[in-house]
Amino acid sequence: MKLKAIMTGALAAVLLAGCGSGGKASAPVVRPVKVYRVEPLGAVDKDFAGMSTADSVSNLAFRVSGQIIRVYVQDGQTVRQGAIIAEIDPREYRLQMEADKATFLTAQSQMDRNKRLLDRQAISRQDYEIADAAYVRARSAYNNSQSILADTKLRAPFSGAIEKMFVDNFQRVQVGEPVARLVDPLTRTVKYTMPETALQMLKMPGLSFTVWFDAYQNTPFPARLKEYMKSSTQATGISVALTLEPFDEKRYDIAPGMSCTINMKVESPQHDTVTAVPLTAVFSRDNREWVWIVGTDRRVKAQPVKLGQLFGSDMVMIDDGLKAGDEVVTAGVYQIVEGEEVKLLP
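Residues numbered from 1 in each chain as written. Predicted model: local features only at pLDDT ≥ 70, side-chain atom pairs only at ≥ 80, totals over all residues. Heavy atoms only, no water.

Caption draft 1: Examining the nonpolar core more closely. F62, I85, M165 and V179 are the most contacted members of the largest nonpolar core, which totals 32 residues. The set of elements that each furnish at least two residues to this core consists of β5 (66-71), β7 (84-88), α2 (91-119), α3 (125-150), β9 (160-165) and β11 (178-183). In terms of residue count, α2 provides more of this core than any other element does, six residues in total. Sequence-distant contacts of V179, defined by excluding residues within four places in its chain, comprise L60, A61, F62, A86, L154, K164, M165, F166 and V167. (Core = buried A, V, L, I, M, F, W, Y, C linked by side-chain atoms within 4.5 Å. Buried < 20%, exposed > 50% of the residue type's maximum accessible area, 1.4 Å probe, protein only. Helix = DSSP H or I, 4+ residues; strand = E, 2+ residues; numbered from the N terminus. Contact = heavy atoms within 4.5 Å.)

Rendered as structure tokens:
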């Protein structure tokens with residue numbers, strides 16, 4: 001009995017000790033989170049790095065083969081339309097032209113004589129038609145040889161600058177082999193690359209572009225969509241080309257290769273009900289996409305959402321599930337549990 005009393009007293013002492021100040025239950029930990037306040041996507045405003053590109057670019061080549069006897073221009077030189085770029089040795093083609101010319105003149109003379117004979121009925125209609133066919137063939141051959149001889153001189157199809165010469169004097173070239181690259185020194189075209197997932201933005205109403213060149217930082221240049229690739233075979237993004245609206249070309253010298261920033265803006269009332277959140281706010285569960293909404297009581301609730309298009313580098317459109325003013329958690333979404341109390345980080 002005495003032993004039992006001692007043990008009972010010891011147990012009571014332990015329990016009393018556990019209920020003292022050192023044994024108080026710890027308060028639940030409130031998770032700190034970062035949140036994003038949802039706004040309507042009636043306006044998208046994104047910047048992209050771009051560069052001006054030539055409106056007209058041509059790799060010039062001869063339409064005849066031969067040895068180059070003279071190159072008239074050099075890299076960087078400005079040329080006018082029709083200027084001679086290079087010349088092939090014309091001797092072989094001149095000889096052929098002279099031979100075709102002689103054949104043509106003979107056929108022409110014979111044709112004139114046959115016309116007079118036919119008028120006097122001194123030649124049959126058949127003989128006249130044979131001579132006429134020979135004359136037509138000779139004339140075509142002569143015209144063709146004249147054209148070929150002219151092709152021994154390579155001329156600029158438009159005014160521009162020689163970006164690169166690919167040949168030297170006395171080099172032999174083949175038909176179609178690049179000789180020089182000619183570019184238009186002034187341009188209204190700029191290009192940039194955007195993510196494939198943002199392709200739908202180019203089809204949205206209210207789309208507008210403004211270009212800011214590094215060389216003219218305080219001058220906005222309005223632009224319009226020219227063309228874009230509908231897919232990217234190299235997975236490098238969608239290439240988009242814009243055309244600058246008319247501007248004072250005497251005041252602003254926009255040349256190929258100038259770096260710029262392209263601002264793409266979408267202002268569409270049709271998308272006032274569409275929202276967007278950072279990609280890090282979305283998580284998957286039960287084959288659906290969700291976000292955590294922070295309530296007024298600072299407790300989180302899982303909200304299913306319908307995803308739209310990605311845009312920029314870190315945002316995704318939400319077609320359904322959120323409304324303006326909702327606050328969603330943007331980090332650690334897979335560690336949060338339903339109904340958990342959170343603390344908003346600044």
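That covers the picture; the talk isn't over yet.
Caption draft 2: Examining α3 more closely. Over its 26 residues, α3 extends 38 Å from the first C-alpha to the last, a length consistent with the 38 Å expected when each residue adds 1.5 Å. Those residues of α3 not exposed but buried are Y128, A131, Y135, A138, Y142, S145 and L149. (Expected span 1.5 Å × (residues − 1).)

Caption draft 3: Fine view of the packing of α2 against α3. Close contact between α2 and α3 brings their axes to 8 Å; oriented N to C, the two are set at 155°. One way to sum up the angle between α2 and α3 is to call them roughly antiparallel. The chirality of how α2 crosses α3 is left-handed. Split into classes, the residues belonging to the contact of α2 with α3 amount to 15 nonpolar, six polar and eight charged. (Axes fitted to C-alpha atoms, helices over the stretch in contact; angles between N-to-C directions. Parallel < 35°, antiparallel > 145°, perpendicular 65-115°, else oblique. Left-handed = near helix turned anticlockwise from the far one by under 90°. Nonpolar A, V, L, I, M, F, W, Y, C, P; charged D, E, K, R; others polar.)

Caption draft 4: Quick look at the pairing of β7. For β7, the buried fraction is high: four of the five residues fall into the buried class. As paired elements, β5 and β7 share three bridges and run antiparallel to each other. Paired with R70 across the two strands is E87, which belongs to β7. Bridge count for β7 against strand β8 (residues 153-155) is three bridges, and the pairing is antiparallel. When the bridges of β8 are listed, I84 appears paired with R155. (Pairing = 2+ DSSP bridges.)

Caption draft 5: Looking closely at the pattern of salt bridges. The full count for this structure, using the stated rule, is nine salt bridges. Here R31 ties to E340 by a salt bridge, and the two come within 2.9 Å at their closest N and O atoms. Here the residue R31 occupies a position in strand β1 (residues 31-33), and E340 occupies one in the loop between β22 (327-329) and β23 (342-344), the gap between them amounting to 309 residues. Judged by relative accessible area, R31 falls into the partly exposed class, the value being 28%. (Salt bridge = Lys/Arg side-chain N within 4 Å of Asp/Glu carboxyl O.)

Caption draft 6: Local environment of unusual backbone geometry. Although it is not a glycine, F170 adopts a positive phi angle of roughly 70°. Structurally, F170 can be placed in the loop between β9 and β10 (172-173). Take F170: its relative accessible area is 58%, and that puts it in the exposed class. Its identity as a non-glycine residue notwithstanding, D286 has a phi of 55°, on the positive side.

Such coordinate-based values are descriptive only and should not be taken to indicate function.
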